[in-house]
2 protein chains.
Amino acid sequence: MQSEFVASRSADQRDSRESRNGNPQLDAVSLAIIEQLQEDGRRPYAAIGKAVGLSEAAVRQRVQKLLDQGVMQIVAVTDPLTVGFRRQAMVGIHVEGDVESVADALTAMSECEYVVMTAGSFDLMVEIVCEDDDHLLDVINKRIRAIPGVRSTESFVYLKLKKQTYMWGTR
Amino acid sequence: MQSEFVASRSADQRDSRESRNGNPQLDAVSLAIIEQLQEDGRRPYAAIGKAVGLSEAAVRQRVQKLLDQGVMQIVAVTDPLTVGFRRQAMVGIHVEGDVESVADALTAMSECEYVVMTAGSFDLMVEIVCEDDDHLLDVINKRIRAIPGVRSTESFVYLKLKKQTYMWGTR
DNA sequence: GCCAGAGCTGCGAAATCCGCAGTCTTCTCA
DNA sequence: TGAGAAGACTGCGGATTTCGCAGCTCTGGC
């Protein structure tokens, strides 16, 4: 299973040249490769090579490295509604004590699709994907509020998803 | 370019059998195919076929149909930080008047990665990806607040992305 | 100058993709 | 009730892509 990002990576996965924040430094060619794959994740290496000015083999090696490093992943993404998850919500969380440990507990929950630590009136924001209202209620009231350190929550139930892109770096 | 979801689809793209909300109904086999591609977007059709009990050609036809229908897309997703976007934020928006038109305006902005209409104390929530603080400030104060109907906004700057998955339907 | 490592190219074999013809089932309608 | 249309699947062969590897070039360290 590789469809998960975790912010920190182990040392042996890092590139030799890395920037201040510990992430590998990408050159223009790698960015161009990523752009190609953001348009179509199954585009052949030869076609990408032609677009970015590299041989098929070189593109293949770069893509493999980007995947190994965790810089990028190639996956199917779906509209949750279509796949049977009828309730989604963003939940803002106020924490007392250690925010990181609360975040870890949330990360471990399969219903939490997206967990981010924020500055502002919430300490954490979490996106939740559920099958129905009962499921959502259960997750928020029983599971999230039961985590030690969670002081209060505020929920924003999704009415309509208007846009969802994956085009970072294509601007 | 196909890396964008829009919630409403034109009539001719719809499946013959569709559920109440207008989305195509997926059977267990299509879900299983999606799961396979959520683990690895480049997995060969033959391997998927073996896993779900279908021929290579049948898998290929189903995948093509899922892509055409907009149920799923196969794309590269990246860690924005690695690709040079150092500031991300979730912005909650209070709207007066037509929420949909504000949402459309936000959808048109390339910095808005994610736009969703919500119930709760915000009418809209938007995820923004920027290169730096100046860029973020410009987007929020100059661009978003300039949209007619936007009454006020509240920002939550990302400190740390803890989890980001694409595993809907894999539970 | 020499070595080691990283990155690229070219190439042949193996695997995959792709289009198509044919089969089977279901559904519709006269 | 039967003809016919539509949808979905299989099998197959040719085209394309992927994959592994040997060899080349460039760079940095010593």
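Residues numbered from 1 in each chain as written. Chains lettered and ligands numbered in written order. Predicted model: local features only at pLDDT ≥ 70, side-chain atom pairs only at ≥ 80, totals over all residues. Heavy atoms only, no water.

1. Some remarks on the nonpolar core
The nonpolar side chains of a soluble globular protein tend to be buried with one another. The condition is simple: Within this scheme, the nonpolar core is defined by two criteria: the residues are buried Ala, Val, Leu, Ile, Met, Phe, Trp, Tyr or Cys, and they are joined through side-chain atoms within 4.5 Å. Only protein chains enter the accessibility calculation, which uses a 1.4 Å probe. A residue is then buried if its area is under 20% of the maximum for its type, exposed if over 50%, and partly exposed in between. Elements are defined by DSSP. Helices are runs of H or I of four residues or more, strands are runs of E of two residues or more, and each kind is numbered from the N terminus.
Leu 37 and Met 72 of chain A together with Leu 37, Val 63 and Met 72 of chain B are the most contacted members of the largest nonpolar core, which has 28 residues in total. Of all the elements in the fold, those that place two or more residues in this core are helix 1 (28-39), helix 2 (45-52), helix 3 (56-69) and strand 2 (72-78) of chain A together with helix 1 (28-39), helix 2 (45-52), helix 3 (56-69) and strand 2 (72-78) of chain B.

2. Things to note about the pattern of salt bridges
For clarity, the cut-off: Salt bridges, as used here, are contacts in which a Lys or Arg side-chain nitrogen is within 4 Å of a carboxyl oxygen on Asp or Glu.
For the structure on display, the rule yields 18 salt bridges over all chains. Notably, a salt bridge pairs Asp 138 of chain A with Lys 142 of chain A, separated by 3.9 Å at the nearest N-O pair. One end of the pair, Asp 138 of chain A, and the other, Lys 142 of chain A, are both in helix 5 (residues 133-144), 4 residues apart, so they sit about a helical turn from each other. On the basis of relative accessible area, Asp 138 of chain A is assigned to the partly exposed category, the value being 29%. Look at Lys 142 of chain A and you get exposed, because its relative accessible area is 58%. Between Arg 143 of chain B and Glu 111 of chain B there is a salt bridge, with the nearest N and O atoms lying 3.5 Å from each other.

3. As for the relation of the copies chain B and chain A
Note the following rule: Least-squares superposition aligns the copies on the C-alpha atoms of those residues with pLDDT at or above 70 in both. Here, residues are in contact when the closest pair of their heavy atoms is within 4.5 Å.
With an axial shift of 0.0 Å and an RMSD of 0.2 Å, the rotation relating chain B to chain A amounts to 180°. Such a combination of turn and shift is consistent with a two-fold rotation axis. When the interface residues of chain B are mapped onto chain A, 100% of them are again interface residues, pointing to one common binding face.

4. Observations regarding the packing of helix 1 of chain A against helix 3 of chain A
All names here are of chain A. Basically, it comes down to this: Where helices are involved, their axes are fitted lines through C-alpha atoms of the stretch in contact, as for all axes, and angles between N-to-C directions lie from 0 to 180°. Here roughly perpendicular refers to angles of 65 to 115 degrees, roughly parallel to angles under 35, roughly antiparallel to angles over 145, and oblique to all remaining angles. The residue classification treats Ala, Val, Leu, Ile, Met, Phe, Trp, Tyr, Cys and Pro as nonpolar and Asp, Glu, Lys and Arg as charged. All others, Gly included, are polar.
Where helix 1 meets helix 3, the closest approach of the two axes is 11 Å, and the angle between their N-to-C directions is 85°. One finds that helix 1 runs roughly perpendicular with respect to helix 3. Of the residues in helix 3, those in contact with Val 29, Ser 30, Ile 33, Ile 34 and Leu 37 of helix 1 are Val 59, Arg 62, Val 63 and Leu 66. In terms of residue class, the contact of helix 1 with helix 3 is built from 7 nonpolar, 1 polar and 1 charged.

5. A short note on the domain arrangement of chain A
Applied cut-off: Throughout, the edges of the domains are those of an automatic or database domain assignment.
In terms of domains, chain A is made up of domain 1 (24-77) and domain 2 (80-157). Taking only C-alpha atoms, the centre of domain 1 of chain A and the centre of domain 2 of chain A are 33 Å apart.

6. Comments concerning the protein's contact with DNA strand C
Selection rule: Near residues are defined by distance, with any heavy atom within 4 Å of the molecule or strand qualifying the residue. Under the rule applied, a polar contact is a pair of N or O atoms within 3.5 Å (in protein, one hydrogen donor and one hydrogen acceptor; residues adjacent in sequence only if both atoms are side-chain atoms).
In the vicinity of DNA strand C, the residues found are Arg 42, Leu 54, Ser 55, Ala 57, Ala 58, Gln 61, Arg 62 and Lys 65 of chain A together with Pro 44, Tyr 45, Glu 56 and Arg 60 of chain B. Within 4 Å of the protein, the contacting atoms of DNA strand C are drawn from sugar and phosphate to the extent of 57%. Contacts to DNA strand C include Arg 60 of chain B, whose side-chain N or O atom sits 3.2 Å from a base oxygen. Every element with two or more residues in the surface near DNA strand C is listed here: helix 3 of chain A together with helix 3 of chain B.

7. Brief notes about the interface of chain B and chain A
Worth spelling out the cut-off: Two parts placed together each lose some accessible area under a 1.4 Å probe, and adding up what both lose gives the buried area. For two strands to be treated as a pair, DSSP must find at least two bridges joining them.
If you look at the interface, chain B gives 80 residues, while chain A gives 80 residues. Here chain B meets chain A over a buried area of about 7,900 Å², counting both sides, of which 55% is carbon and sulfur. At the junction of chain B and chain A, the tally comes to 6 salt bridges. Lys 160 of chain B is the partner of Glu 100 of chain A in a salt bridge, and the nearest nitrogen-oxygen pair spans 3.2 Å. The interface formed by chain B and chain A holds 39 residue pairs in polar contact (both at pLDDT 80 or more) in total. Only strand 1 (4-5), helix 1, strand 2, strand 3 (87-95), helix 4 (99-107), strand 4 (112-119), strand 5 (124-130) and strand 6 (150-165) of chain B provide two or more residues apiece to the side of chain B that touches chain A. The element best represented in the side of chain B that touches chain A is strand 6 of chain B, accounting for 12 residues. Across the side of chain B that touches chain A, the residue classes tally to 41 nonpolar, 20 polar and 19 charged. One ladder, built from 6 bridges, connects strand 4 (residues 112-119) of chain A with strand 6 of chain B; its direction is antiparallel. Bridging from a neighbouring strand, Thr 118 of chain A pairs with Tyr 158 of chain B of strand 6 of chain B.

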